[in-house]
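Chains, contacts and geometry: an overview
As a plain string of letters, each chain reads:
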Amino acid sequence: MDAVQMATSPWTWQIAPAPLVRGGPMRVVLMGPPGAGKGTQAKTVADMVGVAHVASGDLFRESVKRGDELGRRFKEYMDRGVLVPDDLTVQVVMERLARDDSRDSFILDGFPRSLGQAEALDDVLGADGRAIDLVINLTVPEETLLARLAGRWLCRACHTSYHTLYSPPIVEGVCDRCGGELYQRIDDREDTARHRLEIYREETTPAVDYYRDRGILCEVPGDRPRDVVTRTLTEAIRQRPA
Ligand SMILES: [Zn+2]
């Protein structure tokens, strides 16, 4: 009976964006380690609440594609495989946040990721009376992140890709298709993933502490079904400090 009622009442399946959102500016930072699903959530939540999704990685790529001065400098760093320095990152993000669609409301994704970047962001926003309202930290247990990041295996013979969590082979270590041996690339190995997570924590923990001290940090568990995480994030934004 319930199932029939739900099926004939389509509105019960929808989340109405407008009433969920408190009025006024909505300047939100979404933080989270590699493997937490931050990028996907940032995009979904930004669409739902109707604000710009500003991802620093996208800004780098767009700038490189345009081939402008900033883009040429980004490309140099990316080609050398090193992190883009803070001042350049801050510059490209602030240019984006000066546009009309993101002056008052945005969800920042991938930035800031260090204390230096967080302070620089506050300085530049503060110069014209703006401020971050809410910082959400997506938290996922280390072992879950490792399983997600280090789960990929490839067949040596036919190059079919498997994932121990999402698409495991029938027999461990053996390709379903051709019986070939499965192996992990260095990027997909557990020690590489562990190292990535260590670097992330070293870099971002001071920034997370900085926002916690300012009383605008909210921690959201990211190891739940994707739609539950989306709802929790939307709720956190709705209840953000005034
Ligand atoms: Zn194979």
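This section reports on the structure supplied with the text. It should be emphasised that the depicted structure is a prediction, and the values quoted were computed from it without experimental measurement. (Residues numbered from 1 in each chain as written. Predicted model: local features only at pLDDT ≥ 70, side-chain atom pairs only at ≥ 80, totals over all residues.)

**Brief notes about the overall build of the chain**
- Secondary structure summary: the chain contains 10 helices and 8 strands in total.
- Across the chain, contacts joining residues at least 24 apart in sequence account for 71% of those joining residues at least 6 apart. (Helix = DSSP H or I, 4+ residues; strand = E, 2+ residues; numbered from the N terminus. Contact = placed C-beta atoms within 7 Å.)

**Quick word on the nonpolar core**
- Within the largest apolar cluster, 40 residues are counted, with the highest numbers of intra-cluster contacts made by Val28, Leu30, Ile107 and Leu108.
- With 5 residues, the top contributor of residues to this core is strand β1 (residues 26-31).
- In this structure, Trp153, Cys155, Tyr162 and Leu182 belong to the second largest nonpolar core, which totals 5 residues. (Core = buried A, V, L, I, M, F, W, Y, C linked by C-beta atoms within 7 Å. Buried ≥ 20, exposed ≤ 12 C-beta atoms within 10 Å, placed from the backbone.)

**Some details on the sheet that holds strand β7 (residues 182-183)**
- One open sheet holds the 3 strands; their spatial order is β6-β5-β7, and the pairing between them is antiparallel. The outermost strands of the open sheet, each flanked by one partner alone, are β6 (161-163) and β7.
- As judged from the 2 bridges shared by strand β5 (residues 152-155) and β7, these two strands associate in the antiparallel manner. By the bridge assignment, Leu154 is partnered in β7 with Tyr183. (Pairing = 2+ DSSP bridges.)

**Considerations on helix α6 (residues 86-97)**
- With 12 residues, α6 ought to run about 16 Å at 1.5 Å a step, and its terminal C-alpha atoms sit 16 Å apart, in line with that.
- Within the span of α6, buried status applies to Thr89, Val90, Val92, Val93, Arg96 and Leu97. Along α6, the residues classed as buried sweep out an arc of 170 degrees about the axis, all on the same side. When the buried face of α6 is taken as reference, the exposed residues oriented beyond 90 degrees from it are Asp87 and Glu95.
- Contacts made by the buried residues of α6 are with β2 (52-55), α4 (56-66), α5 (69-80), β3 (105-109) and α7 (115-127). (Expected span 1.5 Å × (residues − 1). Arc of directions from axis to C-beta.)

**What about the packing of helix α3 (residues 38-49) against helix α10 (residues 226-238)?**
- Across the interface, α3 lies against α10 with an axial gap of 10 Å and an inter-helix angle of 55 degrees. Overall, the two elements α3 and α10 adopt an arrangement that is oblique. Here the hand of the crossing between α3 and α10 comes out right-handed. In this structure, α3 uses Gln41, Thr44, Val45, Met48 and Val49 to contact α10, whose residues at the interface are Val229, Thr230, Leu233, Thr234 and Ile237.
- Here the residues of the contact of α3 with α10 are counted per class, giving 6 nonpolar, 4 polar and no charged. (Axes fitted to C-alpha atoms, helices over the stretch in contact; angles between N-to-C directions. Parallel < 35°, antiparallel > 145°, perpendicular 65-115°, else oblique. Left-handed = near helix turned anticlockwise from the far one by under 90°. Nonpolar A, V, L, I, M, F, W, Y, C, P; charged D, E, K, R; others polar.)

**Structural notes on the sheet that holds β1**
- Pairing within the open sheet is parallel, and its 5 strands lie in the order β2-β3-β1-β4-β8. Where the open sheet ends on each side, the last strands, each with one partner, are β2 and β8 (217-221). Averaged over neighbouring strand pairs, the angle between their axes works out to 25 degrees when direction is ignored.
- Bridge analysis of strand β4 (residues 134-139) against β8 gives 5 bridges, and the strand direction is parallel. The partner of Thr139 across the bridge, within β8, is Pro221.

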